[in-house]
Structure formats: C-alpha cells, structure tokens
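A structural walkthrough
The lines below spell out each chain.
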Amino acid sequence: MPQGGVKCATITLMKNFFMQPINGKILLGIGLSVVSLSSFGYIFYTYIHTINKLDVLSTDLVNTKNEYQAKIYENQTDIKKMSDEISSIVNTLTDEQKKSLLIGDQLGAIGQQVGAIGGTVGNLEKLSKTDPELLKKYSKVYFLNEHYVPLSLSNIDSKYLIIKNTPLQIHSSVAPYLQRLLDDSTSSGLSPEIISAFRSFGSQALLKSSYKFTYGAGTANAFSAEQGYSEHQLGTTVDFATPTTGTGFSGFDKTPEYTWLTNNAYKYGFIISYPENNSYYKYEPWHWRFVGVALATTLHNRNEYFYNMDQREIDTYLANIFD
Ligand SMILES: [Zn+2]
C-alpha cells in the first residue's frame, strides 16, 4: 500500500475511533494496531529485500568487473605475445632479406668473375686469331718481313679511286670501316679519293726504284718508303687525295677533306701516322693507318701520336681492333 494511502486510512480510522462508543473504540484500537504492525512489517520486509537485492547486485558488479579485468589482462597478455611474435617474424624476415641480398651480391660477383673469365677467354681467342703485325710500329730499323701478305684483301669501291681503272685493295677487315669513312665524308659535301692503299713488297720495291730513278737514291729514301711502306704492305693504310690535289700530294693538308679527317677519322679507326713535327718520319698528311676505333679514339682524346705510344700499351688494343 502506498504511504499516502496508509496515512489517509489512519486519519479516517482515528476519526471513527473517537466517534465510536467505548467497546467499539477498543475493537477499533486493536484493529488499528494490527493494521499498523502489518504496515510496518511490510515496509521492513520490503526494505530488507531491497537491501539484499542491492547486495546481490553489488556482488555481481564486483564479479563482472573482476571478470572483465581478468579478460582485459588476458587480452593484453595475448596482444603482447602476438606483438612479440610479429617482432620475431619481422626480425627473421629482415635476416632472410639480408641473407638473400648477400647471396645476390655473391652471385653477382661470381657472375662478374665468370663474365671476366669468359671475356678473357674470348679476348685470348680473338688475340690468337688477330695478326700481331697490325699494331706494330715500324721504323728505319724495324721493317715488315718482305714475304708478309695480309690474310685477305678487298677491292676499294672504284668511285673513290682517283684513277678509276686501276683497282686498289685494302685489308678485308678494314674495308667496311674505310667504306663508311668515305661515305660519311662524301655525305658532308667533300670529295675524298684514294690514291694508294695495299702495296706488296714487290710493288713497293718497284715504286722506290722508280723514285730513285726519277729523284736519286737520297731523295727517294727521304720521302718514299722506309717506314711508310711497311704500313702499306700491311693492307691497313691508305693515302688520300682530292680532285684539287690530283695525283700529287702537295697541298693536301690545306683541303677541307684533310680537316674532316683530322676531326673524324678516329671514329672509323684511322689515325695519321706521321703528323707535322713528328720525330720519326717526314710529315705525311695524306697517309692514314687503321688501328681500330678504341685505340684511335684514345690517341685522339689524348692528342697523342701512335709512334710515341708504348708498344705494350698499343698491344692491349690488338684483340679488339675490329670491334
Ligand atoms: Zn702512304
């Protein structure tokens, strides 16, 4: 029963009590006492019950809280364990990556060594097949053997010959380099021509004797043969001319063809054997020898002269002379 209701009932009963006769009053008093006691008992019971319920709830709450704390702790432990495991996996991965990089480096180094060995073998094989005379320096005391002939000779494109009906030959391996040089020079608007190329010992001897006949032995020795002849006998050397110089060599170094050769011949593997002011032989601006693109480029870049270079250094270019 709500408290307001109890209060109202009590007032009504009290009013009735004072208005009742004595016996009735006694009875009413007893009734009221019973009702009051019952009300009190009910309220007390409700209070105790509520307290108990709160107790139970509070215990539940504490238990739940402990449970969750335990779970949180458990999860934290799990997370820590997982994090440790991930760190360990990451470390292992890093180690493996390092190992694979190391193996990669080692494999690369081995590959390079194998390549170098292969290259060396290839170079040795090439060297064994390359004529060692092709890069020799010739002098007044060191001549090419009179029986020497190039392995193979090819005719020079007749359109580049100053005397069209007299074929001239060049070493077959040098021929494509010379052809490109002549074609490119012509494309630049120039008119390069060849006046002399391969000369055998016999033809050289003949030429020299004709010079001797014309100019006398002393003069012939000075400008015709000696050093230059060996280079012509090799088959790797040509003498250039132009329509303006004709069959005489004089003035070749004043032509644009000569300037072009000075700036470009090295790209095709050709060098001037006897430049101006050299201490080996007279100046021959028309006389160009094939020594390979690599060596010609080195000489061009260093502004060095073939006959001043050490023979041992020159020989390192022999294997790749036709590369
Ligand atoms: Zn010459």
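Structural data are supplied above this passage.
Residues numbered from 1 in each chain as written. Predicted model: local features only at pLDDT ≥ 70, side-chain atom pairs only at ≥ 80, totals over all residues.

1. Quick word on the sheet that holds strand 4 (residues 237–241)
The strand order across the open sheet formed by 4 strands is 3-4-6-5, and the pairing between neighbours is antiparallel. For this open sheet the edge positions go to strand 3 (193–196) and strand 5 (270–272), each flanked by a neighbour on one side alone. Direction aside, the axes of adjacent strands within the sheet are offset by 45° on average. Relative to strand 4, strand 3 is paired through 3 bridges, and the arrangement is antiparallel. Bridging across to strand 4, Ser196 finds its partner in Asp239. (Pairing = 2+ DSSP bridges. Helix = DSSP H or I, 4+ residues; strand = E, 2+ residues; numbered from the N terminus. Axes fitted to C-alpha atoms, helices over the stretch in contact; angles between N-to-C directions.)

2. Quick word on helix 8 (residues 293–302)
Buried residues of helix 8: Leu295, Ala296 and Leu299, and no others. Along the long axis of helix 8, the arc covered by the buried residues comes to 100°, so they all point the same way. Against strand 5 and helix 9 (311–315) lie the buried residues of helix 8. At the C-terminal side of helix 8, Asn303 shows a positive phi close to 55°. (Buried ≥ 20, exposed ≤ 12 C-beta atoms within 10 Å, placed from the backbone. Arc of directions from axis to C-beta. Contact = placed C-beta atoms within 7 Å.)

3. A short note on the environment of Ile271
You can see Ile271 is positioned in strand 5. Along the backbone, Ile271 and Tyr305 are 34 residues apart, and their C-alpha atoms lie at a distance of 8.6 Å. Filtering out sequence-adjacent residues up to four positions away, Ile271 remains in contact with Ala265, Tyr266, Trp288, Arg289, Val291, Ala296, Leu299 and Phe306.

4. Regarding the nonpolar core
Core analysis: the biggest nonpolar cluster contains 42 residues, and Leu178, Phe240, Phe270 and Ile271 have the highest contact counts within it. Breaking this core down by element, the ones donating at least two residues are helix 3 (175–187), strand 3, strand 4, helix 7 (256–264), strand 5, strand 6 (287–290) and helix 8. Here this core takes 5 residues from helix 3, the largest share from any one element. Setting aside residues up to four positions removed in sequence, Leu178 forms contacts with Ile156, Ile170 and Val238. (Core = buried A, V, L, I, M, F, W, Y, C linked by C-beta atoms within 7 Å.)

5. Brief notes about the pairing of strand 6
Two faces, one strand: in a regular strand the side chains alternate between the faces of the sheet. Here strand 6 shows a buried face lined by His287 and Arg289 and a second buried face lined by Trp288 and Phe290. Examined bridge by bridge, strand 4 and strand 6 share 3 bridges and lie antiparallel to one another. For Thr237, the partnering residue across the bridge sits in strand 6 and is Arg289. Two strands pair when backbone bridges link them, and strand 5 and strand 6 are joined in this way by 3 bridges, in the antiparallel orientation. When the bridges of strand 6 are listed, Ile272 appears paired with Trp288.

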